Amino acid sequence: MAHPAAPEARALRVGVTGIGIMGSNHARVLAELPGAELVAVADPDQAQAERVASFLGCKAVGDHRALLDLGLDAVVVAAPTHLHHKIALDVIGAGCSVLVEKPIASTAEEGREIVEAARQKGVTLMIGHVERFNPAVRAVKEAIRGEHILSVAFTRVGPFPPRMSNVGVVIDLAVHDIDLIRWLTDSEIAEVQPQTSAALAAREDIALLQFRTASGVLAHINTNWLTPFKARTVHVATAKKYVIGDLLTRQVTEHFDYRPDGSYSTRHLPVAYAEPLRAELENFLAAVRTGRTPEVTGEQGVASLEIAISCLAEHGAAAPAQRRAVG
Ligand SMILES: NC(=O)c1ccc[n+]([C@@H]2O[C@H](COP(=O)([O-])OP(=O)(O)OC[C@H]3O[C@@H](n4cnc5c(N)ncnc54)[C@H](O)[C@@H]3O)[C@@H](O)[C@H]2O)c1
């Protein structure tokens, strides 16, 4: 049940459920955001919830139901992915807006149920594809605006995450880049050609994924949990430019003005300074306040998850999603 006063007239009352690595970050940013009041954090790990709550000066509760009893406008769901569906439906059922961490859910069907529930209740639903708010990604998007895009290639590699995850690297990491491919190209993925392997873990921990968008762009994702350092890069080839973005250092360079003698020009592009998570949460809260469509909708979250699942379905490793043609 939401707070009685109109949300546009006061700070939005928000809570976070699942106060692990990502949820703690959400809570930290929400505690600082003007226009938001972090009322409480929830986690079955009582000690963890209390540690974060005492640091940020809010209440600690055991689960999202106790959170909802506090009368909130919005809840961030940062519990493990397999719990997103149940928690998001409860939050929406209570009339609260919800930001669900990526991926939206474990299956596309669960994701669609969340989307439908939010539509019926008329609450805001946003998915935490935070890389959309990475200033380096924004600079790349700006650099290729109006260009004829030929290919997009992401690298997202690093060591095993410290947490025990019950999803593999495709659902956990590649889904970021699937979302970005769809966003950078303004087109849906029409074909998938995946190669995945469980080299050291029970689930896939390394993947090379190839795609073709409906608009004809070729795309590639190289991802794994086996590399001892983190790298996150994007390379975009257009008919007239080659743009390289480092999503960690936030350096973006474009090579352009190709000349017949083989020479070309290079420039470093300006990249804004902004914390992506803060920008994401600001976008979410503005959507809650105004009823505007958030930057990453539930439908988009489902579309990216479906593609990720279809990459696994190619090897029979996951429930089959809507099957894409392979050219
Ligand atoms: N957007 C991003 O870049 C990004 C990065 C990391 C994780 N994530 C997403 O965030 C979610 C959490 O990942 P994480 O890395 O923070 O995991 P984590 O294991 O660090 O934290 C999960 C927390 O949820 C708690 N939890 C367990 N059951 C719960 C329940 N029923 N209700 C509430 N909390 C419960 C756990 O005690 C733990 O504290 C996942 O969906 C993941 O995909 C997103």
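Computed from a predicted structure; not experimentally measured.

1. Quick look at the sheet that holds strand 10 (residues 218-224)
Line of reasoning, step 1. Read from one edge to the other, the open sheet built from eight strands follows the order 8-9-10-7-11-12-13-14, with strand pairing classed as mixed. Here the strands that pair on one side only, and so sit at the sheet edges, are strand 8 (189-197) and strand 14 (265-268). If you compare each strand with its neighbour and ignore which way they point, the axes differ by 10° on average.
Line of reasoning, step 2. In this sheet, strand 11 (residues 231-238) lies alongside strand 7 (residues 149-157) in antiparallel orientation, the contact comprising eight bridges. Its bridge partner being in strand 11, V157 is matched across the sheet by A231.
Line of reasoning, step 3. In the packing of helix 7 (residues 169-185) onto the sheet, contacts are made with strand 7, strand 8, strand 9 (206-213), strand 10 and strand 11, and the angle to strand 7 comes to roughly 155°.

2. Considerations on the site of the ligand
Line of reasoning, step 1. The ligand sits among 25 residues. The nearest are G18, G20, M22, E101 and R163.
Line of reasoning, step 2. The element contributing the most residues to the shell around the ligand is helix 1 (residues 21-32), with three residues.
Line of reasoning, step 3. In terms of residue class, the shell around the ligand is made up of ten nonpolar, eight polar and seven charged.

3. Thoughts on helix 1
Line of reasoning, step 1. Between its first and last C-alpha atoms helix 1 spans 18 Å; for twelve residues at 1.5 Å apiece the expected length is 16 Å, and the two agree.
Line of reasoning, step 2. When helix 1 is considered as a whole, its buried residues turn out to be G23, S24, H26, A27, V29 and L30.
Line of reasoning, step 3. Considering only its buried residues, helix 1 is in contact with strand 1 (12-17), strand 2 (36-42), helix 2 (46-56), strand 4 (74-77) and helix 8 (276-290).

4. Describing the UniProt feature "domain: GFO/IDH/MocA-like oxidoreductase" (unreviewed entry) in the protein chain
Line of reasoning, step 1. Following the UniProt record, one finds the feature "domain: GFO/IDH/MocA-like oxidoreductase" (unreviewed entry) at residues 167-236.
Line of reasoning, step 2. Taken end to end, residues 167-236 is 24% helix and 43% strand, and its two terminal C-alpha atoms sit 28 Å from one another.

5. Some words on the UniProt feature "domain: Gfo/Idh/MocA-like oxidoreductase N-terminal" (unreviewed entry) in the protein chain
Line of reasoning, step 1. With numbering aligned to this structure, UniProt lists the feature "domain: Gfo/Idh/MocA-like oxidoreductase N-terminal" (unreviewed entry) at residues 12-129.
Line of reasoning, step 2. As a span, residues 12-129 carries 44% helix and 25% strand, and end to end its C-alpha atoms are 22 Å apart.

6. Here's the deal with the sheet that holds strand 1
Line of reasoning, step 1. The strand order across the open sheet formed by six strands is 3-2-1-4-5-6, and the pairing between neighbours is parallel. Looking at which strands have only one partner, the edges of the open sheet turn out to be strand 3 (59-61) and strand 6 (125-128). Adjacent strand axes in the sheet meet at a mean angle of 25°, parallel and antiparallel pairs treated alike.
Line of reasoning, step 2. Looking at chain direction, strand 5 (residues 97-101) and strand 6 are connected through four bridges and run parallel. By the bridge assignment for strand 6, V100 is matched with I127.
Line of reasoning, step 3. Across the sheet, helix 2 lies against strand 2 and strand 3, angled at about 160° from strand 2, the strand it touches most.

7. Side note on the nonpolar core
Line of reasoning, step 1. V41, V98 and V140 are the most contacted members of the largest nonpolar core, which totals 96 residues.
Line of reasoning, step 2. With ten residues, helix 7 is the largest single contributor of residues to this core.
Line of reasoning, step 3. In this structure, this core is formed jointly by two domains, domain 1 (7-123) and domain 2 (132-274 + 307-313), each of which donates at least three residues.
Line of reasoning, step 4. Once residues lying within four places of it in the same chain are set aside, the contact partners of V98 are A74, V75, V77, A88, V91, I92, V123 and L125.

Calculation criteria
- Note that residues are indexed from 1 along each chain, following the sequence as it is written.
- Per-residue local features of the predicted model are confined to residues with pLDDT of at least 70, and side-chain atom pairs are confined, for both listing and counting, to 80 or more; whole-chain, interface and lining totals are unaffected and use all residues.
- By the convention used here, strands pair only if DSSP detects at least 2 bridges between them.
- Numbering of helices and strands starts at the N terminus; helices are DSSP runs of H or I of at least 4 residues and strands are runs of E of at least 2.
- Between N-to-C directions, angles cover 0 to 180 degrees, with each direction set by a line fitted to C-alpha atoms, over the stretch in contact for helices.
- Two residues qualify as a contact pair if the distance between their C-beta atoms, derived from the backbone, is within 7 Å.
- We call a residue near a molecule or strand if the C-beta atom, set from the backbone, is within 6 Å of it.
- Ten residue types, Ala, Val, Leu, Ile, Met, Phe, Trp, Tyr, Cys and Pro, are classed as nonpolar, four, Asp, Glu, Lys and Arg, as charged, and the remainder, Gly among them, as polar.
- Helix span is expected to be 1.5 Å times the residue number reduced by one.
- Residues are called buried when their C-beta atom has 20 or more other C-beta atoms within 10 Å, exposed when it has 12 or fewer, and partly exposed otherwise; all C-beta atoms are positioned from the backbone.
- UniProt positions are given in the numbering used here, feature names are shortened, and annotations may be inferred rather than shown by experiment.
- Among buried residues, those of type Ala, Val, Leu, Ile, Met, Phe, Trp, Tyr and Cys that are joined through C-beta atoms within 7 Å form a set called a nonpolar core.
- Domain delimitation in this document rests on an assignment produced automatically or drawn from a domain database.

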